[in-house]
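Coordinate inspection notes
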Amino acid sequence: QVQLVESGGGLVQAGGSLRLSCAASGSISSINAMGWYRQVPGKQRELVASITTSGSTNYADSVKGRFTISRDNAKKTVYLQMNSLKPEDTAVYYCKADARVVGGIRQYVYWGQGTQVTVSS
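To keep things clear, this report deals only with the structure shown in the data block. Every chain's residues receive numbers from 1 upward, in the order its sequence appears when written. Only residues with pLDDT of at least 70 are given local features in this predicted model, and only at 80 or more are side-chain atom pairs given and counted; all residues enter the totals for whole chains, interfaces and linings. Derived side-chain values reflect all non-hydrogen atoms in the structure, with water molecules and hydrogen atoms excluded from consideration.

**A look at the overall build of the protein**
Note the threshold: In this description a helix means any DSSP run of H or I spanning at least four residues, a strand means any run of E spanning at least two, and both kinds are numbered starting from the N terminus. Atoms counted for the radius of gyration: C-alpha only. Globule rule: 2.2 Å times residue count to the power 0.38. Only protein chains enter the area calculation, which uses a 1.4 Å probe; residues under 20% of their type maximum are buried, those over 50% are exposed, and those in between are partly exposed. The contact rule is simple, with two residues in contact once any of their heavy atoms fall within 4.5 Å. Method for areas: the Shrake-Rupley scheme with a 1.4 Å probe, in which residue coverage is limited to the protein chains shown. Think of it this way: Lys and Arg go in the positive column, Asp and Glu in the negative one, and His and the chain ends go nowhere. Every charge is mapped onto a representative atom, which is NZ of Lys, CZ of Arg, CG of Asp or CD of Glu.
A tally of helices and strands in the protein yields zero helices and eleven strands. Across the protein, helices and strands are ordered from the amino to the carboxyl terminus as β-β-β-β-β-β-β-β-β-β-β. Computed over its C-alpha atoms, the radius of gyration of the protein comes to 14 Å, within 12% of the 14 Å expected for a compact globule of 121 residues. Looking at the protein residue by residue over its 121 residues, the buried ones come to 40%. Of all intrachain contacts in the protein linking residues separated by at least 6 positions in sequence, the fraction that spans at least 24 positions is 56%. When the accessible area of the protein is evaluated, it comes to approximately 6400 Å², of which 48% is carbon and sulfur surface. Charge separation in the protein, taken as the distance between the mean sites of 13 positive and 7 negative side-chain charges, equals 5 Å.

And the structure:
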């Protein structure tokens, strides 16, 4: 099994910054892509940013230039640096990892429990 534990959420004023972290643990053989998604009540979960093992990144248009995703493969951890935060960034942020467990053949998608980010105006 793979567990993803997020941290770093909280309340911040507009224009401020937060850094989210997500650490993977368990009987992990390999982790491929990792990413951050967010969801507000009544809406679908949407991609914020993703990063491959080699470091290639992809961002939602709404966060380009403000958010930066990075990862530490040795620590099995992905980060999301969020700058110039806006009230519309308020959401529950979820970490996602495509991983294979030890002894497993297939790769599965794993999700963290989510961390609340609230940006006040």
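**Some thoughts on unusual backbone geometry**
Peptide bonds are trans in most cases, and residues, glycine excluded, mostly fall at negative phi. Of note in the backbone geometry, Lys76 takes a positive phi value of approximately 55° without being a glycine. You can see Lys76 is positioned in the loop between strand S7 (67–72) and strand S8 (77–82). Using a relative accessible area of 31% as the deciding quantity, one classes Lys76 as partly exposed. Positive phi outside glycine occurs at Ser84, with the angle close to 50°.

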